[in-house]
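Examination of the molecular architecture
So you can see what is in the structure, the chains are spelled out below.
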Amino acid sequence: MPTQAGLERRRPDRRVFVILLLRRVAIYALAASLLIWVVPRLLVEFGVIGPSPDETIAAAERALEAARTYGATTDTPPFAAAQTELARARALAAQNHRRDARHASKHAQALAVEAQRMALVRRDETRHHAELVYNDLDRQVNELEKLYSSVTPGLEKTQVGELLSLMKATRVVTGTVFLAHEREDFQGVVDGESRARAAVAQMKSRLEAARR
């Protein structure tokens with residue numbers, strides 16, 4: 001029958017065994033988690049699993065086309081860089097440098113996404129500016145029409161004819177901007193702003209001179 005002293009000696013031994021066992025389990029679990037995290041990435045890196053170069057190149061092409069649809073052009077630095085990187089990816093794929101081709105095409109896709117973001121921001125800014133231009137020009141044209149109606153009565157016929165011709169030309173120029181706004185061609189509104197403002201300013205100046 002085990003003595004009390006023998007039991008006291010065995011208990012610490014069991015505790016040490018349990019502690020060592022738990023440590024080993026923790027080490028194995030940590031190693032397993034590292035393998036689960038690292039191995040798939042290595043397999044993707046070396047092309048064992050994951051998209052092929054053709055698929056990543058196609059994804060980059062779609063991203064570039066989306067950026068172009070949003071208004072990105074070669075003047076947008078990320079868009080131009082994405083085009084260059086995509087061309088490099090195609091050349092690498094043609095030379096069977098699959099890993100480098102995947103890297104280049106993924107980089108091209110990331111650049112294209114950045115170009116999309118920049119194009120959308122620029123489009124929103126253009127739209128906001130176009131709204132301001134439209135509202136201000138609409139106000140100025142309305143004021144111009146009132147000024148024309150108040151100035152022309154009592155003027156000589158030839159002078160009225162000249163002012164009418166100039167007023168018609170002003171309506172055409174500003175109407176182009178208004179039509180662009182109606183079609184939601186906000187870049188067209190911005191592009192036509194300076195010409196429309198110049199026409200309104202000229203007409204206003206002529207009417208004010210005639211009134212004096």
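Above: the structure in question.
Residues numbered from 1 in each chain as written. Predicted model: local features only at pLDDT ≥ 70, side-chain atom pairs only at ≥ 80, totals over all residues. Heavy atoms only, no water.

**Some thoughts on the nonpolar core**
Of all hydrophobic cores here, the largest spans 23 residues; its most connected members are Leu137, Leu144, Tyr148, Leu163, Val189, Met203 and Leu207. Of all elements in the fold, only α4 (98-151), α5 (157-182) and α6 (186-211) reach the threshold of two or more residues within this core. Core analysis: the second largest hydrophobic core is formed by 18 residues, Ile57, Ala60, Ala72 and Phe79 among them. (Core = buried A, V, L, I, M, F, W, Y, C linked by side-chain atoms within 4.5 Å. Buried < 20%, exposed > 50% of the residue type's maximum accessible area, 1.4 Å probe, protein only. Helix = DSSP H or I, 4+ residues; strand = E, 2+ residues; numbered from the N terminus.)

**What about α5?**
Given 3.6 residues to a turn, an α-helix orients residues that are three or four positions apart in the same direction. The terminal C-alpha atoms of α5, which comprises 26 residues, lie 36 Å apart, in line with the 38 Å expected from a rise of 1.5 Å per residue. All of the buried residues along α5 are Leu163, Leu166, Met167, Thr170, Val173, Thr174, Val177, Phe178, Ala180 and His181. Structurally, α5 contributes buried residues whose contacts are with α4 and α6. Glu184, located one to two residues past α5, shows a positive phi value of around 60°. (Expected span 1.5 Å × (residues − 1). Contact = heavy atoms within 4.5 Å.)

**Brief notes about unusual backbone geometry**
Note on backbone geometry: most residues besides glycine have negative phi, and most peptide bonds are trans. Phi is positive for Asn96, close to 70°, though the residue is something other than glycine. By the secondary structure assignment, Asn96 is in the loop between α3 (77-94) and α4. A relative accessible area of 56% means that Asn96 is categorised as exposed.

**What about α3?**
End to end, α3 covers 26 Å across 18 residues, agreeing with the expected 26 Å (1.5 Å per residue, within 8%). Among the residues making up α3, those that are buried are Pro78, Phe79, Ala82, Glu85, Leu86, Ala89 and Leu92. Projected onto a plane normal to the axis of α3, the buried residues spread over an arc of 135° and lie on a single side. What points out from α3, more than 90 degrees from its buried face, is the exposed set Pro77, Thr84 and Ala94. Here the buried face of α3 lies against α2 (53-69) and α4. Looking at the residues trailing α3, positive phi occurs at Asn96, about 70°. (Arc of directions from axis to C-beta.)

**With respect to the packing of α4 against α5**
Their axes nearest at 11 Å, the elements α4 and α5 cross at an angle of 160°. Judged on the interaxial angle alone, α5 and α4 are roughly antiparallel. When you trace α4 past α5, the crossing you get is left-handed. Together, Ala130, Glu131, Tyr134, Leu137, Asp138, Val141, Leu144, Glu145 and Tyr148 of α4 and Val160, Leu163, Leu164, Met167, Thr170, Arg171, Thr174, Val177, Phe178 and His181 of α5 make up the contact between the two elements. Among the residues forming the contact of α4 with α5, the class breakdown is 12 nonpolar, three polar and four charged. (Axes fitted to C-alpha atoms, helices over the stretch in contact; angles between N-to-C directions. Parallel < 35°, antiparallel > 145°, perpendicular 65-115°, else oblique. Left-handed = near helix turned anticlockwise from the far one by under 90°. Nonpolar A, V, L, I, M, F, W, Y, C, P; charged D, E, K, R; others polar.)

**Structural notes on the pattern of salt bridges**
Inspection of every chain in the model, using the stated rule, returns 10 salt bridges. In this structure, the salt-bridge partner of Glu143 is Arg139, at a minimum N-O distance of 3.2 Å. Here Glu143 and its partner Arg139 are both found in helix α4, four residues apart, which amounts to about one turn of the helix. Given the relative accessible area of 42%, Glu143 is considered partly exposed. Of the charged contacts in the structure, one is a salt bridge between Glu162 and Arg206, with a shortest N-O distance of 3.9 Å. With Glu162 in helix α5 and Arg206 in helix α6, this residue pair connects regions lying 44 residues apart in the sequence. Classification of Glu162 as partly exposed rests on a relative accessible area of 48%. In this structure Arg206 comes out as partly exposed when scored by relative accessible area, which is 36%. Each of the salt bridges in this network shares a partner with another, and the network as a whole consists of Asp136, Arg139, Glu143, Glu193 and Arg197. (Salt bridge = Lys/Arg side-chain N within 4 Å of Asp/Glu carboxyl O.)

Fair warning: the whole summary comes from geometry, so function is off the table for now.
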